[in-house]
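Fold and geometry: a report
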Amino acid sequence: MLRFNFLWVAVFTFCCIRPAHGEVPLDQMSVQQKVGQLFVFGFKGDKLTPELKKSITSLKPGGFIVFGRNIKSLSQIAKLNADLQLTSLSQNNPALFLAVDQEGGAVTRIKTSPPLPSAYTIGGTNEPTLAYQAGKVTGEMLGVLGFNMNLAPVLDMTDDKLDSFISARSFSASPSQISSMGLAFAQGLAESKILPVAKHFPGHGPIALDTHQVTPSRSMSLGSLMNSELIPFTDFAASSMPSGVMVAHIVFPDIDPSNSPATYSKKLVNDILLDQLKFKGLVMTDDIEMQGAAALQRIEDRAVAAFLTGNDLIMVGWTPSMQKRAVQGVLAAVKSGKISRARLDHSVKKILAVKEKLVPPPVRKVAQAKLETNTTLLSKTIANRFKKIQYSSVFNSIIARYFKSLSDAKSVAETVDHIVVISPVSSFHSSFNKVEKTQKVVNKSELTATTPLSSQTLLVYHVTSPQTFEGLRKIPGEMQKKTIVVSSHPKLRVQDTSSFLGVVETYSHSPMLGKFTAEAINKILIANRNAEFRRE
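Reading the values: rules and limits
Residues numbered from 1 in each chain as written. Predicted model: local features only at pLDDT ≥ 70, side-chain atom pairs only at ≥ 80, totals over all residues. Heavy atoms only, no water. Salt bridge = Lys/Arg side-chain N within 4 Å of Asp/Glu carboxyl O. Helix = DSSP H or I, 4+ residues; strand = E, 2+ residues; numbered from the N terminus. Buried < 20%, exposed > 50% of the residue type's maximum accessible area, 1.4 Å probe, protein only. Axes fitted to C-alpha atoms, helices over the stretch in contact; angles between N-to-C directions. Parallel < 35°, antiparallel > 145°, perpendicular 65-115°, else oblique. Left-handed = near helix turned anticlockwise from the far one by under 90°. Contact = heavy atoms within 4.5 Å. Nonpolar A, V, L, I, M, F, W, Y, C, P; charged D, E, K, R; others polar. pLDDT = per-residue confidence, 0-100. Pairing = 2+ DSSP bridges. Phe/Tyr/Trp six-rings, centres within 6.5 Å; stacked < 30°, edge-to-face > 60°. Expected span 1.5 Å × (residues − 1).

**Some words on the pattern of salt bridges**
Within the structure shown, the criterion is met by 15 salt bridges. A salt bridge links E229 to R218; its shortest N-O distance comes to 2.6 Å. A residue pair is termed long-range when its members are at least 10 positions apart, and E229 in the loop between α8 (222-226) and α9 (230-238) and R218 in the loop between β7 (195-201) and α8 qualify at 11 residues. In this structure R218 comes out as buried when scored by relative accessible area, which is 7%. In this structure, D301 engages R298 in a salt bridge whose closest nitrogen and oxygen atoms are separated by 3.0 Å.

Encoded structure:
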């Protein structure tokens, strides 16, 4: 029993502890340690390899970012995060930032059922309380796995057509709505001791170009930007919670005539974000290996320029050789005086101060206890802690809000003989059938000429892809007023919603979509029957 208790405590520590900077005062840190604190690295693989351990030992990075390629299971990523932390701590380095992109929707690294809805889905509820709850439970989940930084919320402004690069990753096309919903989501994360990093300053906006591939340019004056897309960042900067802001690889030539992307623009980062907006948190680059950062050819020059611009953290997301060169470039700039010791200490102090606020320093002896790996116990511990997090009810509540619109649906045929459900997703059918017991249900994966449609049919059509979206054209004209369209595609929108009995666009998938649809239909049918009864 004593062995089990010790093992449980140690496994709990492996999974859940998110250390602060520990016992490494700034004045006792070497220049190498200080420079290392500026960097956040990506890596390949799903375990602590000798190469990764060597990187921690020699380059002493301040953090790591975890991508989908690094995640195989919840227990695996918890163990990997713990191994990374303990490796850094055991070498008397400050603890690591462990970051992940858990935005929701298409950019969701930690998979859950139901999944975290997209920011656009959350924003569409226009209920900041729901956004806060989504942020809080997301933070709780990330904390269980050992993360302490989430590269979210996205404060970029999307367009109404959702055809920009950001698309449904944004909360809205309205700056004020982005501000209220994004800030609420961030506060939920912070409440759970996860550092929110808002992105992508000063804003991608409606452009379709991807900064992973190119360096986009936006012709926009500072006045126009301040009155629109900078509103969410201005409000975010005014908040008192520990936070960060990620800078975009986008050029704003009307604001900075040097044609430097924001990553290297003192005008945008130092003068506007830090001085004008008075942002006191950490400023972080997007990955400087991206093509959007290629205005400077050498990775060393990119790292130095980004730091001198006002960035505190520099992300190098892919290549170990590039990571080494970036660190060496900044180290050489410090030794030559190009980067002053005062400038270096300024950022390192900010980084350590934020790490201190995340959680109190850990009990190092327990954290560094040697353990035999017990994967089964680790997996059960993670699963049990996830069960205590109310993420399912919060995420379902967000999706369920969209079905309120069906309460205004016009009357269907006086008699519904059967319901035809068209969806390529099996969970849509199964969750629908569990609720709908009063009508005969015909389940089909696609609409064909042989689908049983009649004047007594209620048709439910689920849009999940461009192909199923085009399938809407196959619905006979006389059937459209007896059709409920449920779309979970993040971009496609039904233009003529009045043609159908009802249209619900959630912009995110959920395994409970069928359930919510069936519940809404039952309410419509009951209301219809009650109206018939009153007429009689």
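**Section: the packing of helix α11 (residues 299-309) against helix α12 (residues 320-336)**
At a minimum axis distance of 8 Å, the contact between α11 and α12 shows a crossing angle of 55 degrees. Considered as vectors, α11 and α12 are oriented oblique to each other. Seen along the crossing, α11 lies across α12 with a hand that is right-handed. Note on element contacts: α12 touches α11 through M322, R325, A326, G329, V330 and A333, opposite I299, E300, A303 and V304. Among the residues making up the contact of α11 with α12, the classes are represented as 7 nonpolar, 1 polar and 2 charged.

**Things to note about the confidence of the model for the protein chain**
In the predicted model, the protein chain carries a mean pLDDT of 87, and 88% of its residues have values of at least 70. Confidence over residues 1-21 falls short of pLDDT 50; this stretch has 63 contacts with residues more than four positions distant or in other chains.

**With respect to unusual backbone geometry**
What you tend to see is this: most non-glycine residues have negative phi, and most peptide bonds are trans. Residues S113 and P114 are joined by a peptide bond in cis, for which omega reads 0 degrees. Along the chain, F201 connects to P202 via a cis peptide bond; the corresponding omega equals -5 degrees. Within the secondary structure, P202 sits in the loop between β7 and α8. If you check the backbone angles, K60 has positive phi at about 55 degrees while not being a glycine. In this fold, K60 is placed in the loop between α3 (50-59) and β2 (63-66). At Y507, a position not held by glycine, the phi torsion is positive, near 65 degrees. Counting through the fold element by element, Y507 comes out in the loop between β15 (502-505) and α19 (513-535). Here Y507 falls in the buried class, since its relative accessible area comes to 6%.

**Structural notes on the sheet that holds strand β11 (residues 418-422)**
What the 5 strands build is an open sheet, ordered β12-β11-β13-β14-β15; its pairing is parallel. Each having just a single partner strand, β12 (440-444) and β15 make up the two edges of the open sheet. Within this sheet the neighbouring strands show an average axis-to-axis angle of 15 degrees, counted without direction. Sheet topology places β11 next to strand β13 (residues 457-463); 5 bridges connect them, and they run parallel. Among the inter-strand pairings, V421 is bridged to a residue of β13, identified as V460.

**With respect to the packing of aromatic side chains**
For the coordinates displayed, the defined rule picks out 11 aromatic pairs. Geometrically, the ring pair formed by F43 and F64 is edge-to-face, given 5.6 Å between the ring centres and 90 degrees between the ring planes. Remark: F64 occurs in strand β2 and F43 occurs in the loop between β1 (39-41) and α3; sequence separation between them is 21 residues. Given a relative accessible area of 5%, F43 falls into the buried group. Relative accessible area serves as the criterion here: at 0%, F64 is assigned to the buried category. Each ring, one from F386 and one from Y391, has its centre 6.2 Å from the other, and the planes form 70 degrees; the classification is edge-to-face. Of the residues examined, Y391 reaches a relative accessible area of 14% and is grouped as buried.

**Here we look at the pairing of β13**
With 7 of 7 residues buried, β13 lies mostly within the body of the structure. Pairing of β13 with strand β14 (residues 483-487), which is carried by 5 bridges, proceeds in the parallel orientation. If you follow Y461 over to β14, its bridge partner there is V485.

**Looking at the sheet that holds β7**
Read around the barrel, 8 strands follow the order β1-β2-β3-β6-β7-β8-β9-β10 and close on themselves; strand pairing throughout is parallel. Judged from the 2 bridges that link them, strand β9 (residues 282-287) and strand β10 (residues 313-316) form a sheet pairing that is parallel. Each bridged residue has a counterpart across the sheet, and for M284 the counterpart in β10 is L313. Taken strand by strand, helix α13 (residues 341-358) contacts β3 (97-100), β7, β9 and β10, and its axis lies near 80 degrees from that of β3.

**Topic: the packing of α3 against helix α4 (residues 74-90)**
At their nearest, the axes of α3 and α4 sit 9 Å apart, and the two run at 40 degrees to each other. For the element pair α3 and α4, the recorded crossing hand is right-handed. Along its contact with α3, which presents L52, K53 and I56, the element α4 presents L84, T87 and S88. Counted by class, the contact of α3 with α4 contains 3 nonpolar, 2 polar and 1 charged residues.

**A word on helix α6 (residues 128-144)**
The end-to-end C-alpha distance of α6 is 24 Å, a good match for the 24 Å that 17 residues give at a rise of 1.5 Å each. A positive backbone phi angle near 95 degrees is found at G146, which sits one or two residues after α6.

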